[in-house]
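Reading the structure
Next come the chains, spelled out residue by residue.
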Number of protein chains: 2
Amino acid sequence: MASRAKATILDIAREAGVSKSTVSLVLQGSRLIRPETALKVRKAIEDVGYVYNRGAANLRKAHSNVIGMVINDLTNPFFAEMAVGMERVFQSAGIVPFIANTAESPVRQEEVLKSLMEQGVAGLVVSPARGTTPGAFRRLETAGVPVVFVMRRLPESRIPVITPDNHRGAYLATAHLIGKGHRRLAFFGGSSDLVVYHERLGGFRAACEAFGIAPADRLVFEGETSRKGGIACLETALAMAAPPTAALCFNDAVAFGVLLALRKRGLEPGADFAVVGFDDVAEAEHYMPALTSVAVNTAGLGERAAHVVLKMIQSRTTRAEDHIGAVNLVVRESCGPDRKEHGCAGMGDAA
Amino acid sequence: MASRAKATILDIAREAGVSKSTVSLVLQGSRLIRPETALKVRKAIEDVGYVYNRGAANLRKAHSNVIGMVINDLTNPFFAEMAVGMERVFQSAGIVPFIANTAESPVRQEEVLKSLMEQGVAGLVVSPARGTTPGAFRRLETAGVPVVFVMRRLPESRIPVITPDNHRGAYLATAHLIGKGHRRLAFFGGSSDLVVYHERLGGFRAACEAFGIAPADRLVFEGETSRKGGIACLETALAMAAPPTAALCFNDAVAFGVLLALRKRGLEPGADFAVVGFDDVAEAEHYMPALTSVAVNTAGLGERAAHVVLKMIQSRTTRAEDHIGAVNLVVRESCGPDRKEHGCAGMGDAA
DNA sequence: TTGATTTATTGGAACGTTCCATTTAATAGG
DNA sequence: CCTATTAAATGGAACGTTCCAATAAATCAA
């Protein structure tokens, strides 16, 4: 317990019989100090139990080496995975990033951003909360703090963005479904306040158009981006007079919900109704049936984002190029075998 | 861009025509300042785009209001959930906690702890990495920083701990299995370098003993605490001459693995082999079949931990009582119906 | 009026670093 | 030997806050 007044650089100086400047230099690993002196100082540091006061240092340096990762939803394995990718990069750069969760709340995000600024962050990687207002990052911008967005973008913003190629991914997935013989397709989940949503939906539409699916045969169901949302989408879709036979889901969580709901109804995912997810989270591979999904290289995008912000900090700029990451469809079991003229057994299939 | 030298309290003072002390008081919401003066100052703050420099403030106050949450594995939904519980509490206390991930590496943890100390944290909630050495937290202790452990404890440490009642949970689960008619039981997954492991295994053994299961009929399989670990455990268990008919799993991830492996082998979880998980993560309810698991009130424990550390900070102590959280078994489908003399077919629900 | 009290405001000395400009010691060149 | 040069160590002035003690202005008691 005890621990009287915290030891400072001066205490070490006294202990080691040198000046505070010398101690400071040792702390910074300067080559100006004679090795044996450095050793003496380091010993004193150890003896006294000194802990470096970064706040004081930053006061002088204005160069804080703190990097923040602001994540919209840490309980979502997808974002957690991305966060871990970033962390890897920061770690190997010798930086301990601070992670903050906004729980998808713009208000909370505001608080977090404020706190981070007060702490003097050197840079930020942000996956913005849904409903973030365009002005939310102005303070950061005027303060000249490098920021990069990852996974999500804001409608009108000059902040660089690292995202997967959502349009292409959705296109590929949709094409796959059509190739399997489906002619009446749905897009499940997601809400239109996310730019990503429009990108993915755009890819879906483009593919439908390219392969001659009539506008009346492509159904869009907005919904929560969660299992629950997926369940709801499937329910309302199957309640239609002429239900779809396949769905591209906004993300894997929605797809899992759909798979679940199918089972509950006694339908066989894949055979009776084809499902494709998006993001290819770790769980997709282990699901029952294994989920066909668009892999976006989650951790890789995180790493990329981290690299970009590092580079920005280093070159003292607040601008950088956007990066659109490659995607690919990984085909598993959730779309079943190819579909013949008329659906196989099971229940109500295409008209 | 631009943003010449950062604005300080003095710039605002000049702008508002008052002294820096006045500005400082306004920032702290002091009632000593005339409301109209305060207003004038606040306007200047807004105009200049000032951001508070907490580092400078802390230098003077030595009272940092930064709290850290050190998590062993953020990609594990269980810990993520716990983290979110803590966050909730800190948020309503007006504090933005910083989360750091150690990825189950003691080395990484060391770095994180060091960084946090340098940042001048006021307190810490830690779920220690596996293999943490007893001395890892000595620096924190001698510095007098309040620390509380959550979910995991260290073999010999005076740091307060918030955990679920692992022994009781395992006991309940095992009793349930025995009540279902199982007489040859296994404990799957986990490794003995975790105190939790011994607690849970202890509960398992105690129940076996209490209900007269012969020592030869309780099998222990160490293994990774992941899906993969669960799969492996089941494989080796079923390869035995007299395999068990039910298993208590170290945690839900292991249980999911077991469920998966059963399916792969064409066995029906519940009917052919009963499975109980531990932790009751959100996914347990939605699995196929829904997993019977020991609910530990994850988020609640997180909240509790946060409260404790807050109290410790406030009362300037480094000691607090341990807290053992209540647990309860939530019965779903993964143990099937009661077991007759010889396992029955079908997969009806619990009797 | 005078002094005492209250209310608002302010200067200045910390806080623990960094880093520039110096000083001191050691080495080399002649 | 003296003077340059290099190497090693040092003092002191920042950095942007807080907070104590002091002041100034306003109110009150006589």
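Predicted, not measured: the structure shown is a model, and the values here were computed from it. (Residues numbered from 1 in each chain as written. Chains lettered and ligands numbered in written order. Predicted model: local features only at pLDDT ≥ 70, side-chain atom pairs only at ≥ 80, totals over all residues. Heavy atoms only, no water.)

Looking at the packing of aromatic side chains
Filter applied, for reference: Note on aromatic contacts: the rings of Phe and Tyr and the six-membered ring of Trp form a pair at centre separations within 6.5 Å, being stacked when their planes are under 30 degrees apart, edge-to-face when over 60 apart, and tilted otherwise. Counting from the N terminus, the helices are the DSSP runs of H or I reaching at least four residues and the strands are the DSSP runs of E reaching at least two. Here's how the labels work: a residue is buried when its accessible area is under 20% of the maximum for its type, exposed when over 50%, partly exposed in between, all with a 1.4 Å probe on protein chains only.
Under the defined criterion, the tally for this structure stands at 20 aromatic pairs over all chains. Summarising the aromatic geometry, the rings of Phe187(A) and Phe204(A) are spaced 5.6 Å apart at their centres and angled 55° between planes, so their arrangement reads as tilted. Here Phe204(A) lies in helix H9 (residues 195–210) and Phe187(A) lies in strand S6 (residues 185–188), a separation of 17 residues in the sequence. No difference in accessibility class separates Phe187(A) from Phe204(A), as the two residues are buried. A centroid spacing of 6.4 Å and a plane angle of 50° characterise the contact between Tyr171(B) and Phe211(B), whose relative ring orientation is tilted.

What about helix H10 (residues 227–238) of chain B?
Our working definition: One fewer than the residue count of a helix, multiplied by 1.5 Å, yields its expected span. Think of it as the arc spanned by the lines of direction from the helix axis to the C-beta atoms. Contacts are assigned to residue pairs that have any heavy atoms within 4.5 Å of one another.
The end-to-end C-alpha distance of H10(B) is 17 Å, a good match for the 16 Å that 12 residues give at a rise of 1.5 Å each. Those residues of H10(B) that fall on the buried side of the exposure criterion are Arg227(B), Gly229(B), Gly230(B), Cys233(B), Leu234(B), Ala237(B) and Leu238(B). For H10(B), the angular spread of buried residues about the axis comes to 160°, placing them on one side. Buried positions along H10(B) lie against helix H12 (282–286) of chain A together with strand S6 (185–188), strand S7 (218–221), helix H11 (252–264) and helix H12 (282–286) of chain B.

Some details on the protein's contact with DNA strand D
For clarity, the cut-off: One heavy atom suffices: a residue is near a molecule or strand as soon as one of its heavy atoms comes within 4 Å of it. Distance and chemistry together define a polar contact, namely a pair of N or O atoms within 3.5 Å, with one atom able to donate a hydrogen and the other to accept it when in protein, and with adjacent residues in sequence counting only for side-chain atoms on both sides. Residue polarity follows a fixed list, in which Ala, Val, Leu, Ile, Met, Phe, Trp, Tyr, Cys and Pro are nonpolar, Asp, Glu, Lys and Arg are charged, and the others, Gly among them, are polar.
Among the 28 residues in the neighbourhood of DNA strand D, the closest are listed as Lys20(A), Thr22(A), Ser24(B), Tyr50(B) and Arg60(B). A distance of 3.5 Å separates a base nitrogen of DNA strand D from a polar side-chain atom of Arg60(A). Here a base nitrogen of DNA strand D and a backbone polar atom of Ala56(B) are 3.2 Å apart. If you list the elements that add at least two residues to the surface near DNA strand D, you get helix H2 (20–27) and helix H4 (54–61) of chain A together with helix H1 (9–16), helix H2 (20–27) and helix H4 (54–61) of chain B. Here the element with the most residues in the surface near DNA strand D is H4(B); it accounts for five residues. Per-class residue counts for the surface near DNA strand D are 13 nonpolar, nine polar and six charged.

A short note on helix H5 (residues 77–92) of chain A
All names here are of chain A. If you check H5, its first and last C-alpha atoms are 23 Å apart, about what 16 residues at 1.5 Å a residue would give, namely 22 Å. Of the residues making up H5, those classed as buried are Phe78, Phe79, Ala80, Met82, Ala83, Gly85, Met86, Glu87, Val89 and Phe90. N-capping of H5 is provided by Asn76, with a side-chain oxygen placed 2.9 Å from the backbone N of Phe78. Once H5 ends, the next one or two residues include Gly94, with phi positive near 75°.

What about the domain arrangement of chain A?
Residue and element names in this part refer to chain A. Note the threshold: Boundary definitions for the domains trace back to an automatic or database domain assignment. Summed over both partners, the accessible surface that disappears when two parts come together, traced with a 1.4 Å probe, is what is meant by buried area. A side-chain nitrogen of Lys or Arg and a carboxyl oxygen of Asp or Glu constitute a salt bridge if their distance falls within 4 Å.
Domain parsing of chain A yields domain 1 (9–52), domain 2 (67–164 + 298–325) and domain 3 (166–297). Computed over C-alpha atoms only, the centres of domain 2 and domain 3 are separated by 29 Å. Each partner contributes residues to the interface: domain 2 has 14 residues there, and domain 3 has 14 residues. Contact between domain 2 and domain 3 buries roughly 1200 Å² in total, counting both sides, with carbon and sulfur atoms accounting for 52%. It is Phe78, Arg130 and Pro164 in domain 2 that bury the most area against domain 3; as a group they hold 45% of the surface buried on that side. The interface formed by domain 2 and domain 3 holds one salt bridge in total. Across the pair Glu199 and Arg153 runs a salt bridge, and its minimum N-O distance is 3.0 Å. At the junction of domain 2 with domain 3, the criterion picks out five residue pairs in polar contact (both at pLDDT 80 or more). The set of elements that each furnish at least two residues to the side of domain 2 that touches domain 3 consists of H5, strand S5 (161–164) and helix H13 (298–314). Top element by residues in the side of domain 2 that touches domain 3 is H13. It accounts for four residues. Across the side of domain 2 that touches domain 3, the residue classes tally to seven nonpolar, three polar and four charged.

Some thoughts on the nonpolar core
Selection rule: For our purposes a nonpolar core is just a set of buried Ala, Val, Leu, Ile, Met, Phe, Trp, Tyr and Cys residues, chained together by side-chain atoms within 4.5 Å.
Within the largest apolar cluster, 147 residues are counted, with the highest numbers of intra-cluster contacts made by Phe90(A), Phe188(A), Phe90(B) and Phe188(B). Judged by nonpolar contacts, the second largest core, of 42 residues, contains Val96(A), Ala136(A), Val161(A) and Leu116(B).

Some details on the environment of Arg304(A)
Residues and elements named next belong to chain A. Along the chain, Arg304 turns up in helix H13. C-alpha separation for the pair Arg304 and Ala80, spaced 224 residues apart in sequence, amounts to 15 Å. Dropping the residues within four chain positions of it, Arg304 is found in contact with Ile162 and His323.

Some details on the environment of Ala295(B)
All names here are of chain B. Of note, Ala295 is situated in strand S10 (residues 292–295). For the pair Ala295 and Asp280, spaced 15 residues apart in sequence, the C-alpha to C-alpha distance is 4.7 Å. Among residues more than four places away in sequence, those in contact with Ala295 are Asp279, Asp280, Ala326, Val327, Asn328 and Val330.

Some points on empty space enclosed by the protein
The test is simple: Space inside and on the surface of the protein is sampled on a 1 Å grid over the protein atoms alone, with a cavity defined as a set of points where a 1.4 Å probe fits but cannot get out and a pocket as an open set with protein on both sides within 12 Å along at least 5 of 7 lines; lining residues have an atom within 4 Å of a point. Grid points are joined across faces, edges and corners, and a volume is the space filled by probe spheres set on the points.
Using the criterion set out here, one finds five cavities of 30 Å³ or more in the structure. Space inside the largest cavity adds up to approximately 120 Å³. Elements supplying a minimum of two residues to the lining of the largest cavity: helix H11 (252–264) of chain A together with H11 of chain B. Each residue belonging to the lining of the largest cavity can be placed in one class, and the counts come to nine nonpolar, two polar and two charged.

Some thoughts on the relation of the copies chain B and chain A
Let me state the cut-off plainly: When the copies are superposed, the least-squares fit draws on C-alpha atoms of residues that have pLDDT of at least 70 in both.
Superposing chain B onto chain A takes a rotation of 180° combined with a translation of 0.0 Å along the rotation axis, leaving an RMSD of 0.0 Å. One copy is carried onto the other by what is essentially a two-fold rotation axis. Both copies share a contact surface, since 100% of the interface residues of chain B are interface residues in chain A too.

Comments concerning the pairing of strand S8 (residues 246–249) of chain B
Residues and elements named next belong to chain B. The condition is simple: Two strands are counted as paired when DSSP detects at least two bridges linking them.
Neither face of S8 is open: one carries Ala246 and Leu248, the other Ala247 and Cys249, and all of them are buried. The pairing of S6 with S8 spans four bridges and is classified as parallel. Bridge pairing in S8 places Phe187 opposite Leu248. Bridge analysis of S8 against strand S9 (residues 274–279) gives three bridges, and the strand direction is parallel. Each bridged residue has a counterpart across the sheet, and for Leu248 the counterpart in S9 is Val276.

A short note on the pattern of salt bridges
What the rule picks out here adds up to 36 salt bridges over all chains. Close ionic contact of Arg139(A) with Glu46(B) constitutes a salt bridge, the shortest N to O distance being 3.4 Å. Pair noted here: Arg139(A) is in helix H7 (residues 138–143) and Glu46(B) is in helix H3 (residues 35–48), and the two residues belong to different chains. A relative accessible area of 51% places Glu46(B) in the exposed class. Across the pair Glu303(B) and Arg88(B) runs a salt bridge whose closest N-O atoms are separated by 3.0 Å. Linking Glu303(B) in helix H13 (residues 298–314) with Arg88(B) in helix H5 (residues 77–92), this pair joins segments that are 215 residues apart in sequence. Accessibility expressed as a relative area gives 26% for Glu303(B), which makes it partly exposed.

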